[in-house]
Amino acid sequence: MSDTLPKTENVAAVLKVFAVIEALVEEKRVGLADLAQRAMTSKTTAHRLLQTMVELGYVEQDPETEKYGLTLKLFSLGARSLTEQTELLRVADQAMGKLSRATGETINLGILDDRDQRVVYIHKYDSFYGLSMKSTLGLRNPLHSTSLGKALLAWRDDEELRERIGRMDLVRRAPNTITDPDRLMAELHETRKRGYAEETEESEAGVRCMAIPVFNYLGKPIAAISIAFPLFRFDEARKADYIDLLKTAGSSASRGLGYRPEAH
């Protein structure tokens, strides 16, 4: 499809392609007429889409029944993505376990969801204490008000940061939430300079968090690990220890994913 097509036509074409893929996932082998109906398009358009998918190696046609089915190429893409996430969880879990045992506090692992500029919590260690910060797997929080979000953002170039901040709704969530774009940019610069992210009552009253990024083999921050403290239990005298523990956890997880700082 040409890049000169209007945006609405491009979107419609993408929707048709995914309707075809979903039909093939559900039915395994499907005829042209059924696929055209599922994609809510003509047989001619469906046939053109299918021929392109055949040429790209994602779809095959049975010469006897003339029905279409998915090849293993699409599966391999999903498997590669799943493998990366599984490897992230494996190396992060080891680092988070040590951090949990050393601090006794809640330890979270978050990743960036580009669709809505939020951090998604995908793994955690609960606190040893009865009164602690509870987190939920799958929880989604804004980037600007969380230490996880700041850690995920700070190691990106300024052009990308300005574009991302421009798309954010800097809503006040707690007493100290940063709602000014320029101040947020300055905070991200400071975060990168000191090597870790932190927030005190920016996401939730009575909560203090610190976080560190996890880099993949390309040097890209793909996740972040945080410690969440009730404000009353944060020991300022141990702050340097917390930072060292966090940096060790981030370095361990990053190296487990093939990151070599000397190469970046």
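Residues numbered from 1 in each chain as written. Predicted model: local features only at pLDDT ≥ 70, side-chain atom pairs only at ≥ 80, totals over all residues. Heavy atoms only, no water.

For the protein, an unreviewed UniProt entry supplies the name DNA-binding transcriptional regulator KdgR and the organism Peteryoungia desertarenae.

### Focus: the sheet that holds strand β3 (residues 106-113)
Read across the open sheet, the six strands follow the order β5-β4-β3-β8-β7-β6; overall the sheet is antiparallel. Bordering the open sheet on either side are β5 (140-142) and β6 (197-200), each of which pairs with just one other strand. Taking the axes of each pair of neighbouring strands and ignoring which way they run, one obtains an average angle of 30° across the sheet. Pairing geometry for strand β7 (residues 207-215) and strand β8 (residues 221-230), over nine bridges, is antiparallel. Opposite V214, over in β8, you have A223 as the bridge partner. On top of the sheet, helix α5 (residues 147-154) reaches β3, β4 (118-125), β6, β7 and β8; it is set at about 150° to β8, its chief contact. (Pairing = 2+ DSSP bridges. Helix = DSSP H or I, 4+ residues; strand = E, 2+ residues; numbered from the N terminus. Axes fitted to C-alpha atoms, helices over the stretch in contact; angles between N-to-C directions. Contact = heavy atoms within 4.5 Å.)

### Quick look at the packing of helix α6 (residues 158-167) against helix α7 (residues 181-194)
Put simply, α6 and α7 touch, their axes get as near as 11 Å, and they point 140° apart. Classified by the angle between their axes, α6 and α7 sit oblique to one another. Considering how the two elements wind past one another, α6 and α7 form a crossing that is right-handed. Within the contact between the two elements, α6 uses D158, L161, R162 and I165 and α7 uses P181, L184, M185, L188 and H189. When its residues are assigned to classes, the contact of α6 with α7 shows six nonpolar, one polar and two charged. (Parallel < 35°, antiparallel > 145°, perpendicular 65-115°, else oblique. Left-handed = near helix turned anticlockwise from the far one by under 90°. Nonpolar A, V, L, I, M, F, W, Y, C, P; charged D, E, K, R; others polar.)

### Brief notes about the pattern of salt bridges
Tallied over the full model, the rule gives 17 salt bridges. With a closest N to O distance of 2.6 Å, E163 and R167 form a salt bridge. Highlighted residues: E163 and R167, both in helix α6, separated by four residues, approximately one helical turn. We classify E163 as partly exposed; its relative accessible area is 41%. You can call R167 partly exposed: its relative accessible area is 44%. Via salt bridges that share partners, D114, R156, E160 and R164 belong to a single interconnected network. (Salt bridge = Lys/Arg side-chain N within 4 Å of Asp/Glu carboxyl O. Buried < 20%, exposed > 50% of the residue type's maximum accessible area, 1.4 Å probe, protein only.)

### Section: the UniProt feature "domain: HTH iclR-type" (unreviewed entry) in the protein
In the numbering used here, UniProt assigns the "domain: HTH iclR-type" (unreviewed entry) feature to residues 11-72. As annotated, residues 11-72 comprises 63% helix and 10% strand, and the C-alpha atoms at either end are separated by 26 Å. (UniProt positions renumbered as here; feature names shortened; annotations may be inferred.)

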